[in-house]
Amino acid sequence: MAENPLTFSELRKIQKQEKRQEDLSELEDNFILRVSNYLEMKKDVDNREYKSAKRVFDKITGLRQEKIVKQAKFAVKSDNGNSSELNLLPREKELFLELKNVFQDFNQNIE
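This one's a predicted model, so the numbers in the text were calculated from it and none came from an experiment. (Residues numbered from 1 in each chain as written. Predicted model: local features only at pLDDT ≥ 70, side-chain atom pairs only at ≥ 80, totals over all residues. Heavy atoms only, no water.)

## Comments concerning the nonpolar core
In this structure, L11, F31, V35, Y38, L39 and I60 are the most contacted members of the largest nonpolar core, which totals 14 residues. Of all the secondary-structure elements, those providing two or more residues to this core are α1 (8–20), α2 (31–43) and α3 (47–78). No other element matches the 5 residues that α3 contributes to this core. (Core = buried A, V, L, I, M, F, W, Y, C linked by side-chain atoms within 4.5 Å. Buried < 20%, exposed > 50% of the residue type's maximum accessible area, 1.4 Å probe, protein only. Helix = DSSP H or I, 4+ residues; strand = E, 2+ residues; numbered from the N terminus.)

What follows is the structure, given as structure tokens:
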């Protein structure tokens, strides 16, 4: 089943939603692949849209990274390491678990 290609409008909608919500937005597991395909398609065809889309994607990932850091710190504080409820993408789960481990190690070393 072929899926619809990502559009700039959809990317902006995701950015606005991510900015508006305190928690991570729910995204499809293949979101990064879809963005990568979209950027690759626009790279040689429409340089202006490519640059705009790249900037929007960078903002989305930056917002999500900030939220993941907060969630990892909270998970250590609350002793709740359940990442399944956080709307993490597969690569983000790895980041979350690594950050959580770093924060746990840090806390153990200062106690």
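More follows now that the structure is in view.
## Let's talk about unusual backbone geometry
Even without a glycine there, the phi angle at N87 is positive, about 60 degrees. Assignment of secondary structure puts N87 in the loop between α3 and α4 (90–110).

## A few points about the packing of α2 against α3
Helix-helix packing is characterised by the crossing angle of the two axes and by the distance between the axes. Relative to each other, α2 and α3 sit at 160 degrees, their axes nearing to 8 Å. Compared by their axis directions, α2 and α3 come out roughly antiparallel. Viewed along their axes, α2 and α3 form a crossing whose handedness is left-handed. Here F31, I32, V35, Y38, L39, K42 and K43 of α2 come into contact with α3, specifically with N47, E49, Y50, A53, K54, F57 and I60. A per-class count over the contact of α2 with α3 returns 9 nonpolar, 1 polar and 4 charged. (Axes fitted to C-alpha atoms, helices over the stretch in contact; angles between N-to-C directions. Parallel < 35°, antiparallel > 145°, perpendicular 65-115°, else oblique. Left-handed = near helix turned anticlockwise from the far one by under 90°. Contact = heavy atoms within 4.5 Å. Nonpolar A, V, L, I, M, F, W, Y, C, P; charged D, E, K, R; others polar.)

## Points about the environment of T61
Tracing the sequence through the fold places T61 in helix α3. Relative accessible area serves as the criterion here: at 25%, T61 is assigned to the partly exposed category. In this structure the C-alpha to C-alpha distance between T61 and Y38, which are 23 residues apart in sequence, comes to 16 Å. Within the structure, T61 has its side chain in polar contact with the backbone oxygen of D58 (distance 3.0 Å). (Polar contact = N/O pair within 3.5 Å; in protein donor to acceptor, adjacent residues only side chain to side chain.)

## As for the pattern of salt bridges
Scanning the model with the defined rule gives 8 salt bridges in all. The partner of E10 in a salt bridge is R34, and the shortest N-O contact between them spans 3.2 Å. A residue pair is termed long-range when its members are at least 10 positions apart, and E10 in helix α1 and R34 in helix α2 qualify at 24 residues. The partly exposed category is assigned to E10, whose relative accessible area is 26%. Looking at R34, the relative accessible area reads 10%, which means it is buried. Its salt-bridge partner being R91, residue E94 comes within 3.9 Å of it at the nearest N-O pair. Here E94 and its partner R91 are both found in helix α4, 3 residues apart, which amounts to about one turn of the helix. Overall, the relative accessible area of 42% leaves E94 in the partly exposed class. Residue classification places R91 among the exposed residues on the basis of a relative accessible area of 63%. Residues participating in the shared-partner salt-bridge network are E18, R64, K67 and E92. (Salt bridge = Lys/Arg side-chain N within 4 Å of Asp/Glu carboxyl O.)

Read these as spatial facts, not as claims about activity.
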